[in-house]
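Geometric and topological summary
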There are 2 protein chains.
Amino acid sequence: MEVFGDNSCPAPLFGFGTHPEVSPPFPPVTVDLLPAKNGEEPTMQFLLEVVDILTNYVKKTFDRSTKVLDFHHPHQLLEGMEGFNLELSDQPESLEQILVDCRDTLKYGVRTGHPRFFNQLSSGLDIIGLAGEWLTSTANTNMFTYEIAPVFVLMEQLTLKKMREMIGWPGGEGDGLFSPGGAISNMYSVMIARYKYFPEVKTKGMSAAPRLVLFTSEHSHYSIKKAGAALGFGTDNVILLSTDERGRVIPADLEAKIIEAKQKGYVPLFVNATAGSTVYGAFDPISEIADICEKYNLWLHVDGAWGGGLLMSRKHRHKLNGIERANSVTWNPHKMMGAPLQCSAILVREKGILAGCNSMCAGYLFQPDKQYDVTYDTGDKAIQCGRHVDIFKFWLMWKAKGTVGFEQHIDKCLDLSQYLYNKIKNREGYQMVFDGVPQHTNVCFWYNPPSLRGMPDGEERREKLHRVAPKIKAMMMESGTTMVGYQPQGNKVNFFRMVISNPAVTQSDIDFLIDEIERLGHDL
Amino acid sequence: MEVFGDNSCPAPLFGFGTHPEVSPPFPPVTVDLLPAKNGEEPTMQFLLEVVDILTNYVKKTFDRSTKVLDFHHPHQLLEGMEGFNLELSDQPESLEQILVDCRDTLKYGVRTGHPRFFNQLSSGLDIIGLAGEWLTSTANTNMFTYEIAPVFVLMEQLTLKKMREMIGWPGGEGDGLFSPGGAISNMYSVMIARYKYFPEVKTKGMSAAPRLVLFTSEHSHYSIKKAGAALGFGTDNVILLSTDERGRVIPADLEAKIIEAKQKGYVPLFVNATAGSTVYGAFDPISEIADICEKYNLWLHVDGAWGGGLLMSRKHRHKLNGIERANSVTWNPHKMMGAPLQCSAILVREKGILAGCNSMCAGYLFQPDKQYDVTYDTGDKAIQCGRHVDIFKFWLMWKAKGTVGFEQHIDKCLDLSQYLYNKIKNREGYQMVFDGVPQHTNVCFWYNPPSLRGMPDGEERREKLHRVAPKIKAMMMESGTTMVGYQPQGNKVNFFRMVISNPAVTQSDIDFLIDEIERLGHDL
């Protein structure tokens, strides 16, 4: 076996360097950490060294004089930076090297909590959430039974109930789970819709059902199509709905496509309404969609992965009016509410249907003869067996901020996006991708360098404009000053999509972004 | 909206208590933490307070004089313990209360790293892995693109290659992903098998394929059935294979069932061989199963979620002989290799098939016109969109232990299980569920209290014996001294399943478990 080298295991030389708070001598290798005999002291010293690295990183994350990232190409990192070698080997490294590895891992990464990181829907570094994640890792348990996660199971239950109250389901009744991300939450919604109308598919497979079709906006997240492919519907049976110029589903198009599908002999099953689309931040008109779903007896899912957070704001929650009529909702606190990754909930109005859909009653885990009330063993509702504890950080953040704290955060981010919108809507060189104040924090725009400004519209100009955003983005990453996303959409060439979910962002950071786009893009 | 209360937000009184290393005065509320102006100092103080709580917990976890758990029923925790209230409210809590919440969350939880916690396949608290998780939470990023996770994406790639080398695929070639647990990894295997043989299902759905059947052992993990249900095969089309008395698949039964299915006009697609079954720790004979899969042109998946770790041991890896012939493998480092939860890999021999099966080419995330080599953007291979960073802790552990360190850990745990087996196989009051030295660390046994020892075999004795393990387990949990799993299996009444994966366990802990079973069970 060539993967093993010499099995003798020499103790590497070791020294913690010159950290002032820790005094030598130190144990030479990791085998001296707990559970080793007398391992307590070296363990505490090692963990405090790690925390020192982490808290320094936290400080720098919030420091605008530091870079967002120190970009390197894959081949550069793979070849090995000075003292940082990604390759694994047969023999152990010294604890000293492990600490260096930790520092370097952070050094060559991206500071997603930096006030000028605008690249993803998830950004920011919430200190309470971070503490919650540290505790979660230390508790190192699993959500499948009350037996080994009593506190976390109850926290999940209470938090989901609170979220259902925010949705507006009577008494907060219903069901739900935290799942590993919005795509899986959306997949759950399709699974349970199918189980509701065709429960025999669980045992007999898709051949027990007629040809089922799902409807979702052409602007919706790709996870609905992924679910269609994975669950055996086929992507051809995921019918895309037309949207207005703001990216919102046109209800009449939904109804027309339902009728068309029925005429072809297909069976409409499920409609996804997006509350906060990925690119435009658009909110589909949920009430009108709910009317159609009721009329044709279809499952209504609301994908609020990105927009669900607005339910916490008295000022903005009207954008989700009608969500209380949904059968299921996806809502990711790790996006607009700033919870650390991962934190996504699938919420279901009908109690018991998640278990009905997914349970297999594994005897080794869900014994009926335990001494406690086993209805608290929630694992059999999930498609996972082991399930990571995603609840604690979010529960702790809610405790620390209160509902009002989330509201303030949401309102502030939306105010900032309006500030950006107002700043650029009539500014020379900028063109908005759609008109009007954004519904969410998404602000979509083209930047036209001076060389394009006099050019007549046409294929040549479009081609040039298509290359502007990637070029500016590449320069941003090379200089490490800021990060913002771009993409084409439909027949629209590459444009910037600015989003704000980080509470550290201020107007000056928005100003910086605009200055930076102009600095880097001026001569293109 | 009744979920909001008064929006005015009075600053709660605040004090950190008497922690000696931190001096007052302290900021009153969480809004003074970063990103607040002058938030750095209170943030550092708060994080160090949290770390103090966590390191105290770590110390106690390894201390045999502390309890494994302090059991409370759900209604007790829900009613609220002294100073610990799980309910969420509109108004923020003080930082002082947040720290109390952290302490209490750990207090009422289960110490899964305690040397006497034997309840699950995942146990132990690896210090390097823990440090890795703390860093991962601090980096708070997402695996979908190289753009925002350059280091982690490369670590994943290199580690998966190393794992494929251990499996024995030539040159470590192939593909893979870390997924949120073994059940999802197994689900991937079924999806890609279907895509390999019937790629049109991706677009057209299951109606484009004939009636497909999957084969897996009656002792296999329930996630194969869950995948069958979720992906549209139906559980009726998951055919269970008979096993020998040790829980290993009988190859002749597989072949007979394949032939039977074909005779019925069904199309055999996929065989799952379990390497380390959940209850018995059985290893199916992979080579013989591979012969049959080759003969009938079926996809061979090896579920090594539990047993995959044995590949790291020169002494025990022969139990997985033939795994190099598998098309896909599930392997959970969070089980036998002690990585913190969650850490599960799906490994695939054929390159490109994961992407072929799952990609939807979302333009907003996987832009083809980035400045770096976009083949490193791996997100579109996954059924998730956002994907938690599960790799770093495992990579760091591998660095710190080397391959040889994992080998020593595996060998030690298997030695300990043999110690247990030798201790009880002829001990009065014990009866092994199956004969012979366990293949994995699973030791399955009944404990017969004295009152049952003279009783003739029969229904009455079986009923009484069935109640023994749950009663002992309940008393263990109430007294908090140790935890071990039990379950029925097939026609066998409740028996204990002892498993060892925690490197903190010693022979004395095994002795303790046996003493405890006898102490608690003697008078039943």
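Residues numbered from 1 in each chain as written. Chains lettered and ligands numbered in written order. Predicted model: local features only at pLDDT ≥ 70, side-chain atom pairs only at ≥ 80, totals over all residues. Heavy atoms only, no water.

So the rule is basically this: UniProt positions are given in the numbering used here, feature names are shortened, and annotations may be inferred rather than shown by experiment.
An unreviewed UniProt entry lists chain A under the name Glutamate decarboxylase 1b, with Anabas testudineus as the source organism. What UniProt records for chain A under Subunit (unreviewed entry) is the sentence "Homodimer." Here is the UniProt Sequence similarities (unreviewed entry) comment for chain A, exactly as written: "Belongs to the group II decarboxylase family."

1. Examining the overall build of chain A
To be explicit about the condition: Where helices and strands are cited, they refer to DSSP runs of H or I of at least four residues and of E of at least two residues respectively, numbered from the N terminus. For the radius of gyration, the atom set is restricted to C-alpha positions; the globular benchmark scales as 2.2 Å times the number of residues to the power 0.38. Here the term buried applies to any residue with accessible area under 20% of the maximum for its type, exposed to any over 50%, and partly exposed to those in between, with areas from a 1.4 Å probe on protein chains only. Here a residue-residue contact requires only that any non-hydrogen atoms of the pair lie within 4.5 Å. Each accessible area value is a Shrake-Rupley result obtained with a 1.4 Å probe; residue values ignore everything except the protein chains displayed when judging cover. Neither His nor the chain ends is counted toward charge; the positive residues are Lys and Arg and the negative residues Asp and Glu. Throughout, a charge is located at the NZ atom of Lys, the CZ atom of Arg, the CG atom of Asp or the CD atom of Glu.
A count of helical and extended segments in chain A gives 15 helices and 12 strands. Taking 24 Å as the expected radius of gyration for a compact globule of 524 residues, we find that chain A reaches 26 Å, a close match to that expectation. Classification of the 524 residues of chain A by burial places 68% in the buried group. Contacts in chain A between residues at least 24 apart in sequence constitute 71% of all its contacts with a sequence separation of at least 6. With the model as given, the accessible surface of chain A reaches about 17100 Å², and the carbon-plus-sulfur share is 50%. Taken together, the 53 basic and 61 acidic charged side chains of chain A have centroids lying 7 Å from each other.

2. Side note on the pairing of strand S3 (residues 212–217) of chain A
Residue and element names in this part refer to chain A. Short version of the rule: Strand pairing is defined by DSSP finding a minimum of two bridges between the two strands.
Of all 6 residues making up S3, 6 are buried, and the element is well covered by its neighbours. Covered by surrounding structure in S3 are Leu212, Leu214 and Thr216 together with Val213, Phe215 and Ser217, the residues of both alternating faces. Looking at chain direction, S3 and strand S5 (residues 267–274) are connected through 5 bridges and run parallel. In the strand pairing of S5, Phe215 is matched with Val271. Alignment of S3 against strand S4 (residues 238–241), held across 4 bridges, turns out to be parallel. Residue pairing for S4: Leu214 is matched across the bridge by Val238.

3. A look at unusual backbone geometry
Residues A:Leu341 and A:Gln342 are joined by a peptide bond in cis, for which omega reads -5°. For A:Gln342, the position within the fold is in the loop between strand S7 (328–331) and strand S8 (344–348). Of the consecutive residues B:Leu34 and B:Pro35, the connecting peptide bond is found in the cis state with omega at 10°. With respect to the element layout, B:Pro35 can be found in the segment before helix H1 (40–61). A positive phi angle, close to 55°, is found at A:Cys361, a residue other than glycine. Its place among the elements puts A:Cys361 in the loop between helix H11 (353–358) and helix H12 (391–424).

4. Some words on the pairing of strand S2 (residues 175–179) of chain A
All names here are of chain A. Along S2, 5 of the 5 residues are buried, which leaves the element largely enclosed by surrounding structure. Burial along S2 is two-sided: the residues Asp175, Leu177 and Ser179 and Gly176 and Phe178 are all buried. Pairing between S2 and S8: 5 bridges, direction antiparallel. Residue Phe178 lies in a different strand from S8, and its bridge partner there is Ala345.

5. A look at the relation of the copies chain B and chain A
Note the following rule: The superposition of copies rests on a least-squares fit of C-alpha positions from residues with pLDDT of 70 or more in both.
For the pair chain B and chain A, the best superposition has an RMSD of 0.0 Å and corresponds to a rotation of 180° with a translation of 0.0 Å parallel to the axis. Viewed as a symmetry operation, the transformation between the two copies matches a two-fold axis. Closest approach to the rotation axis within chain B is made by the C-alpha atom of B:Leu231, at a distance of 2.0 Å. Taken together, the interface assignments show that 100% of the residues at the interface of chain B recur at the interface of chain A, consistent with an identical surface on both copies.

6. Looking at the UniProt feature "modified residue: N6-(pyridoxal phosphate)lysine" (unreviewed entry) in chain A
All names here are of chain A. When the UniProt feature table is mapped onto this chain numbering, "modified residue: N6-(pyridoxal phosphate)lysine" (unreviewed entry) sits at Lys335. By secondary structure assignment, the location of Lys335 is in the loop between S7 and S8. Leaving out residues up to four positions away in the same chain, Lys335 has contacts with Leu121, Ser122, Ala305, Trp306 and Ser501.

7. Regarding the environment of B:Lys335
B:Lys335 sits in the buried class, given a relative accessible area of 16%. Once the C-alpha coordinates of B:Lys335 and B:Gly308 are considered, the two residues, 27 residues apart in sequence, prove to be 9.1 Å apart.

8. Topic: the packing of H12(A) against helix H3 (residues 95–107) of chain B
For clarity, the threshold we go by: Angles shown run from 0 to 180 degrees and are taken between the N-to-C directions of axes, each axis being a line fitted to C-alpha atoms and, for helices, limited to the stretch in contact. For classification purposes, an angle smaller than 35 degrees is called roughly parallel, one larger than 145 roughly antiparallel, one from 65 to 115 roughly perpendicular, and anything else oblique. Each crossing gets its handedness from the near helix: less than a right angle anticlockwise from the far helix is left-handed, clockwise is right-handed. Following the grouping adopted for this structure description, the nonpolar residues are Ala, Val, Leu, Ile, Met, Phe, Trp, Tyr, Cys and Pro, the charged ones are Asp, Glu, Lys and Arg, and the polar ones are all others, Gly among them.
Between H12(A) and H3(B), the shortest axis-to-axis distance is 10 Å and the interhelical angle comes to 150°. Here H12(A) lies roughly antiparallel to H3(B), going by the angle between them. As H12(A) packs across H3(B), the resulting crossing turns out to be right-handed. Contact residues: H12(A) offers A:Phe392, A:Trp395, A:Leu396, A:Lys399 and A:Ala400, while H3(B) offers B:Ile98, B:Asp101, B:Cys102 and B:Thr105. Split into classes, the residues belonging to the contact of H12(A) with H3(B) amount to 6 nonpolar, 1 polar and 2 charged.

9. What to know about the environment of B:Pro35
The exposure class assigned to B:Pro35 is partly exposed, which follows from its relative accessible area of 37%. When near neighbours in sequence (up to four residues on either side) are disregarded, B:Pro35 contacts A:Phe62, A:Pro503 and A:Ala504.

10. Quick look at the nonpolar core
Here is the rule we go by: Among the buried residues, those of types Ala, Val, Leu, Ile, Met, Phe, Trp, Tyr and Cys that are joined through side-chain atoms within 4.5 Å form a nonpolar core.
Counting 308 residues, the largest nonpolar core has A:Phe46 and B:Phe46 as the members making the most contacts within it. A:Val201, A:Trp299, B:Leu231 and B:Phe233 belong to the second largest nonpolar core, which has 60 residues in total.

11. Re the sheet that holds S4(A)
Strand pairing in a sheet is mediated by backbone hydrogen bonds. Such pairs are either parallel or antiparallel. All names here are of chain A. The 7 strands lie next to each other as S2-S8-S7-S6-S5-S3-S4, forming an open sheet whose pairing is mixed. For this open sheet the edge positions go to S2 and S4, each flanked by a neighbour on one side alone. On average, each strand axis in the sheet is inclined to that of its neighbour by 20°, with strand direction left out of account. Strand contacts of helix H5 (residues 150–167): S2, S7 and S8, with the helix running at about 115° to S2, the strand carrying the most contacts.

12. Some remarks on the state of the cysteines
In plain terms, the rule: Only a pair of cysteine sulfur atoms within 2.5 Å counts as a disulfide in this structure description.
Counted under the stated rule, the structure contains 0 disulfides over all chains. You can see B:Cys385 has no disulfide; the closest cysteine sulfur is in B:Cys361, sitting 13 Å from it.

13. Regarding the sheet that holds strand S11 (residues 483–489) of chain B
Residue and element names in this part refer to chain B. Pairing within the open sheet is mixed, and its 5 strands lie in the order S1-S11-S12-S10-S9. Each edge of the sheet is formed by a strand with only one pairing partner; in this case those strands are strand S1 (117–118) and strand S9 (430–432). As paired strands, S11 and strand S12 (residues 492–498) are joined by 4 bridges and run antiparallel to one another. Paired with Gly485 across the two strands is Arg497, which belongs to S12. Contacting S9, strand S10 (443–447) and S12, helix H12 (residues 391–424) crosses the sheet at an angle of about 30° to S10. Sitting on the sheet, helix H15 (residues 507–521) is in contact with S1, S9, S10, S11 and S12, with an inclination near 25° to S10.

14. Here we look at the interface of chain B and chain A
Defined as follows: Joining two parts hides part of their accessible area as seen by a 1.4 Å probe, and the buried area is that hidden amount summed over both. We count a salt bridge whenever a side-chain nitrogen from Lys or Arg sits within 4 Å of a carboxyl oxygen from Asp or Glu. Any N or O atom pair separated by 3.5 Å or less is treated as a polar contact, with the protein-specific requirement of one donor-capable and one acceptor-capable atom, and with residues adjacent in sequence counted only for side-chain atom pairs.
Facing 162 residues of chain B, the contacting portion of chain A comprises 162 residues. Here chain B and chain A share an interface that buries about 14400 Å² over both sides, 67% of which is from carbon and sulfur atoms. Here B:Asp380 ties to A:Lys226 by a salt bridge, and the two come within 3.3 Å at their closest N and O atoms. Viewed at the interface, chain A and chain B are joined by 65 residue pairs in polar contact (both at pLDDT 80 or more). Considering every element that reaches the side of chain B that touches chain A, the biggest residue donor is H1(B), with 13 residues. Split into classes, the residues belonging to the side of chain B that touches chain A amount to 89 nonpolar, 45 polar and 28 charged.

15. Some points on the packing of H5(A) against H12(A)
All names here are of chain A. Running from amino to carboxyl end, H5 crosses H12 at an angle of 55°, the nearest separation of the two axes being 9 Å. Classified by the angle their axes make, H5 and H12 are oblique. The two elements H5 and H12 meet at a crossing, and its hand is left-handed. Across the interface between the two elements, Phe152, Met155, Glu156, Thr159, Lys162, Met163 and Met166 from H5 touch Ile391, Phe392, Phe394, Trp395, Trp398 and Thr403 from H12.

16. Focus: the pattern of salt bridges
All names here are of chain B. Per the stated rule, a full pass over the model turns up 58 salt bridges over all chains. A salt bridge links Glu156 to Arg387; the nearest nitrogen and oxygen atoms lie 2.8 Å apart. Within this pair, whereas Glu156 is found in helix H5 (residues 150–167), its partner Arg387 is found in the loop between helix H11 (353–358) and H12, the two being separated by 231 residues in sequence. The partner of Lys351 in a salt bridge is Glu173, with the nearest N and O atoms 3.1 Å apart.

17. A word on the side chain of B:Thr145
Structurally, B:Thr145 is set in the loop between helix H4 (127–139) and H5. Among all residues touching B:Thr145, those that are not within four sequence positions of it are B:Val153, B:Leu365, B:Phe366, B:Lys370, B:Tyr372 and B:Asp377.

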